[in-house]
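Remarks on the overall topology
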Amino acid sequence: MIRLSASSVAVLGLAMAASLSAAFWLNRLSGPGEAQAAPQAASQAASLAVVAPASAAPATGSAAQVVKGADGHYWADARIDGRAVRVMIDTGATVVALTMDDAARLGVVPNEADFKTTVRTASGPVPAAPVRLKAVSVGRAEVRDVDALVLQDGLPHSLLGMSYLGRLSAFEATPTGLTLRP
């Protein structure tokens, strides 16, 4: 008999969403054509754009420690474009994924036409808007020009994915915490 807890089902759903997101981005980034900038308000010009591959600039700063939560996940108070955002660190997510509420708090408000990507979540397919974030940091481990997606719904919390983690020199999980090394 197989027993699944609600948290196991949620993790499985997030892993499936991350896998599908990875397939989308791999297809998009290796496909023909150039990325085009989306129409946007002047105040959003630096944050909201159709994503082209981020520069490979390495992370800067110093190592950050993240304590494992009681639920078994690694939760961090990240700074995204200068504002605090509570995120779950998800090595299975290809990119940073923002909820609509978190994106709005950051001043990133995609137009309906910007939601041209579909991501599969545990709740089913969800429209998503690709964006570029100026800076994402956990503690003093900072990465600039980070690819991200804003999901219209279906995401209970924002995820810190590989578009941030993959630009670090290393990250290491232990039974009690996670170390992020720029």
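Fair warning: this is a prediction, and the values are worked out from it, not measured in the lab.

Calculation notes
- Residues numbered from 1 in each chain as written.
- Predicted model: local features only at pLDDT ≥ 70, side-chain atom pairs only at ≥ 80, totals over all residues.
- Heavy atoms only, no water.
- Pairing = 2+ DSSP bridges.
- Helix = DSSP H or I, 4+ residues; strand = E, 2+ residues; numbered from the N terminus.
- Axes fitted to C-alpha atoms, helices over the stretch in contact; angles between N-to-C directions.
- Salt bridge = Lys/Arg side-chain N within 4 Å of Asp/Glu carboxyl O.
- Buried < 20%, exposed > 50% of the residue type's maximum accessible area, 1.4 Å probe, protein only.
- Core = buried A, V, L, I, M, F, W, Y, C linked by side-chain atoms within 4.5 Å.
- Contact = heavy atoms within 4.5 Å.
- pLDDT = per-residue confidence, 0-100.

Things to note about the sheet that holds strand β10 (residues 177-181)
- Strand order in the open sheet formed by three strands is β1-β10-β9, and the pairing between neighbours is antiparallel. Each of the sheet's edge strands pairs with one partner strand only, and the pair in question is β1 (64-67) and β9 (170-173). Adjacent strand axes in the sheet meet at a mean angle of 15 degrees, parallel and antiparallel pairs treated alike.
- Inspection of the sheet shows β9 paired to β10 by four bridges, in the antiparallel sense. The residue bridging Ala170 from the neighbouring strand is Arg181, located in β10.

Focus: the pattern of salt bridges
- Under the criterion given, the structure shown has five salt bridges.
- Note that Asp102 is salt-bridged to Arg105, the shortest N-O span being 3.1 Å. Here Asp102 pairs with Arg105, and both are found in helix α2 (residues 100-105), just three residues apart, close to one helical turn.
- For Asp147, the salt bridge goes to Arg132, with nearest N and O atoms at 3.0 Å. You can see Asp147 sitting in strand β7 (residues 141-151) and its partner Arg132 sitting in strand β6 (residues 124-138), a full 15 residues away along the chain. Assigned by exposure class, Asp147 and Arg132 land together as buried.

Digging into the nonpolar core
- Counting residues in hydrophobic clusters, the biggest one holds 32 residues, and the most contacted among them are Leu133, Val138, Tyr164 and Leu180.
- Breaking this core down by element, the ones donating at least two residues are β1, β2 (75-80), β3 (83-89), β4 (96-98), β6, β7, α3 (162-165) and β10.
- Beyond its immediate sequence surroundings of up to four residues, Leu180 is in contact with Ser62, Ala63, Ala64, Val66, Val138, Ala141, Tyr164, Leu165, Leu168, Ala170 and Phe171.
- Within the second largest apolar cluster, twelve residues are counted, among which are Trp75, Met88, Val126 and Leu159.

Digging into the pairing of β3
- Two elements, β2 and β3, share six bridges in a ladder whose sense is antiparallel. Bridging from a neighbouring strand, Trp75 pairs with Met88 of β3.
- The hairpin turn running from β2 into β3, its antiparallel successor, is two residues long, and Asp81 in that turn takes a positive phi close to 50 degrees.

Thoughts on the environment of Pro58
- Along the chain, Pro58 falls in the loop between α1 (6-30) and β1.
- The exposure class assigned to Pro58 is exposed, which follows from its relative accessible area of 60%.
- Counting along the chain gives 110 residues from Pro58 to Leu168, while the straight-line C-alpha distance between them is 6.6 Å.

Considering the confidence of the model for the protein
- Looking at the protein, pLDDT values average 78 and 69% of them are 70 or higher.
- Ignoring residues within four places in sequence, the model shows residues 1-54, a span with pLDDT below 50, making 77 contacts including any to other chains.

Description of unusual backbone geometry
- For Asp81, which is not glycine, the phi dihedral falls at a positive 50 degrees.
- Mapped onto the fold, Asp81 is located in the loop between β2 and β3.
- The phi torsion at Asp145 lies on the positive side, around 55 degrees, for a residue other than glycine.
- By the element assignment, Asp145 lies in strand β7.

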